[in-house]
Amino acid sequence: MKITTIGLDIAKRFFHVVCCNDQGRLVRKKMLKRVQVLAFFQNHPSCLVALEACATSHFWAREIQKCGHKVKLIPPQHVKAFLIGNKNDYNDALAIAVAAKQPHINSVGIKTIEQQDNQAQHKARELAVRQRTALCNQIRGLIAEYGIILNQGVNNIRKNITLMLNDETKSLSGAFKTILRQLQTQLNVLDSCIEEYGKLIVETVKSNTICQRIQTIPGFGPMVSSAYFNEVGNGSNYQRGRDVSASLGIVPRQHSSGGKDTLLGISKRGNSYLRCLLIQGAKAVVSRAKTKNDKLSQWINRLVQTRGHNRACVAYANKMARMAWAITVSGEGYSAV
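Owing to the predicted nature of the structure, the values given are computational and were not obtained by experimental measurement. (Residues numbered from 1 in each chain as written. Predicted model: local features only at pLDDT ≥ 70, side-chain atom pairs only at ≥ 80, totals over all residues. Heavy atoms only, no water.)

**Overview of the UniProt feature "domain: Transposase IS110-like N-terminal" (unreviewed entry) in the chain**
Okay, step 1: UniProt annotation of "domain: Transposase IS110-like N-terminal" (unreviewed entry) refers to residues 6–146 when read in the numbering used here.
Okay, step 2: Secondary structure across residues 6–146 divides into 45% helix and 21% strand, with the first and last C-alpha atoms of the span separated by 63 Å. (UniProt positions renumbered as here; feature names shortened; annotations may be inferred. Helix = DSSP H or I, 4+ residues; strand = E, 2+ residues; numbered from the N terminus.)

**As for the pairing of strand β1 (residues 5–9)**
Okay, step 1: The element β1 is extensively covered by neighbouring structure, given that five of its five residues are classed as buried.
Okay, step 2: Here β1 shows two buried faces, one formed by T5, G7 and D9 and the other by I6 and L8.
Okay, step 3: Pairing analysis gives five bridges linking β1 to strand β2 (residues 14–20), with the strands arranged antiparallel. Bridge assignment links G7 to a residue of β2, and that residue is V18.
Okay, step 4: Where β1 folds back onto β2 in an antiparallel hairpin, the turn is made up of four residues.
Okay, step 5: Sheet analysis places β1 next to strand β4 (residues 48–52), joined by four bridges and oriented parallel. Bridging from a neighbouring strand, L8 pairs with L51 of β4. (Buried < 20%, exposed > 50% of the residue type's maximum accessible area, 1.4 Å probe, protein only. Pairing = 2+ DSSP bridges.)

**Here's the deal with the pattern of salt bridges**
Okay, step 1: Inspection of every chain in the model, using the stated rule, returns eight salt bridges.
Okay, step 2: We note a salt bridge from R130 to E126, for which the minimum N-O separation is 3.8 Å. Of this pair, R130 and E126 both sit in helix α5 (residues 113–144), four residues apart, which is roughly one turn of that helix.
Okay, step 3: Here E126 falls in the partly exposed class, since its relative accessible area comes to 25%. (Salt bridge = Lys/Arg side-chain N within 4 Å of Asp/Glu carboxyl O.)

**Here's the deal with helix α11 (residues 272–289)**
Okay, step 1: Here α11 is 18 residues long and its end C-alpha atoms lie 25 Å apart, about the 26 Å a rise of 1.5 Å per residue gives.
Okay, step 2: When α11 is considered as a whole, its buried residues turn out to be L274, R275, L277, L278, I279, G281, A282, V285, V286 and A289.
Okay, step 3: For α11, the capping residue at the N-terminal end is N271, with a side-chain oxygen 3.0 Å from the backbone nitrogen of Y273. (Expected span 1.5 Å × (residues − 1). Polar contact = N/O pair within 3.5 Å; in protein donor to acceptor, adjacent residues only side chain to side chain.)

**Focus on the environment of C67**
Okay, step 1: Its location among the elements puts C67 in the loop between α2 (57–66) and β5 (70–74).
Okay, step 2: Note: C-alpha distance between C67 and Q36 (31 residues apart in sequence) is 13 Å.
Okay, step 3: Here C67 is in contact with L38, F41 and Q42, once residues within four sequence places are set aside. (Contact = heavy atoms within 4.5 Å.)

**A look at the pairing of β4**
Okay, step 1: The element β4 is largely enclosed, with a buried count of four among its five residues.
Okay, step 2: Pairing of β4 with β5 involves five bridges; the strand directions are parallel. Looking at the pairing, L48 lines up with K70 of β5.
Okay, step 3: The parallel pair β4 and β5 is bridged by α2, and the resulting crossover is right-handed. (Right-handed = clockwise from strand over helix to strand, strands pointing away.)

**Overview of the sheet that holds β1**
Okay, step 1: In spatial order, the strands read β3-β2-β1-β4-β5; together these five strands make up an open sheet with mixed pairing. The sheet is open, and its two edges are formed by β3 (26–33) and β5, each paired on a single side. Adjacent strand axes in the sheet meet at a mean angle of 20° when their direction is disregarded.
Okay, step 2: Relative to β3, β2 runs antiparallel, the two being bridged by seven bridges. Looking at the pairing, F14 lines up with K33 of β3.
Okay, step 3: The strands touched by α2 are β1, β2, β4 and β5; relative to β5, the strand with the most contacts, the crossing angle is about 165°.
Okay, step 4: Seen against the sheet, helix α4 (residues 89–100) touches β1, β2, β3, β4 and β5 and runs at an angle of roughly 45° to β2. (Axes fitted to C-alpha atoms, helices over the stretch in contact; angles between N-to-C directions.)

**Remarks on the packing of helix α12 (residues 295–307) against helix α13 (residues 309–330)**
For any two helices packed against each other, one specifies the crossing angle of their axes together with the interaxial distance.
Okay, step 1: The interhelical angle for the contact between α12 and α13, taken along N-to-C directions, is 140°, at an axis separation of 7 Å. The angle between α12 and α13 falls in the class oblique. As for how α12 packs across α13, the hand of that crossing is right-handed. Residues L296, W299, I300, L303, V304 and R307 of α12 form the contact with α13, whose own contacting residues are H309, R311, A312, A315, Y316 and K319. (Parallel < 35°, antiparallel > 145°, perpendicular 65-115°, else oblique. Left-handed = near helix turned anticlockwise from the far one by under 90°.)

**Details of α2**
Okay, step 1: Among the ten residues that make up α2, seven are buried, leaving the element largely enclosed by the rest of the structure.
Okay, step 2: Along α2, the positions that sit buried rather than exposed are S57, H58, W60, A61, R62, E63 and I64.
Okay, step 3: Residues of α2 that are buried in the fold lie against β1, β2, α1 (37–42), β4, β5 and α5.
Okay, step 4: After α2 finishes, the residue G68 shows a positive phi value of roughly 95°.

Okay, structure coming up:
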């Protein structure tokens, strides 16, 4: 029987393949070592290959596409519903193949190398920010043991460390000051790393035409536009702007039954990092809208009056995502009406 769909369960060393015909019947299954994967697909007739959207899946999707196959990445939460029997690698691969044939399940866009490069910049910067926050909390905790309470904030930590190291009247021992100097050096290194990653992101955005167009929307800066491009790409994987905002979790959750619609808070699905950046950009626009009189500001001000400041910020973040998709797909820039 002709194989039309292949479900591939990827891992670090051993990959499991199940092959199905056009009726969904299992025809063949096989375990492959990592070095055998590409050779298997190079020698196999062209068909639909389905993978879970997980770690390393975008790399394998690009490589399998080069072998002449059509590749579909399935969100893991949708695969789970089609798992039959006990969990094992072959059953996982079969569930992936079955989920790939469901027309109502949207696939994940395959990231380009450029998108993954940009994403790596954001991930590295995010890691440095987390490490700096943890270091500041550690410094505050250590100093509190000596009866000195510092307020939160990186700038406050920087200023007070210098003052304490230079002040001979403080009840800090020489041994602790030695430790404090080393912690100060670590803090300076992390500050430098965050600054360098930020500059790298800004420089990358300057050479990206999609990011340049997106930045014409109020609330989009280099950081937000770069993160948006990493997630959405050229927008071809979405049918409309509402799909983008839904995938980012800035639409209401529903708990509807019996013909009665019940809308709750935002769903918070998808990329939490990008959702956070969009809402931060929206807050900057909403806070300044009260001094402006253009149509966008009037719309925002009406929302603030009727729904409150926070809901207005989320509503504009939703609008930002939809406008960015429209600009990405159309190739045009933002024009205020």
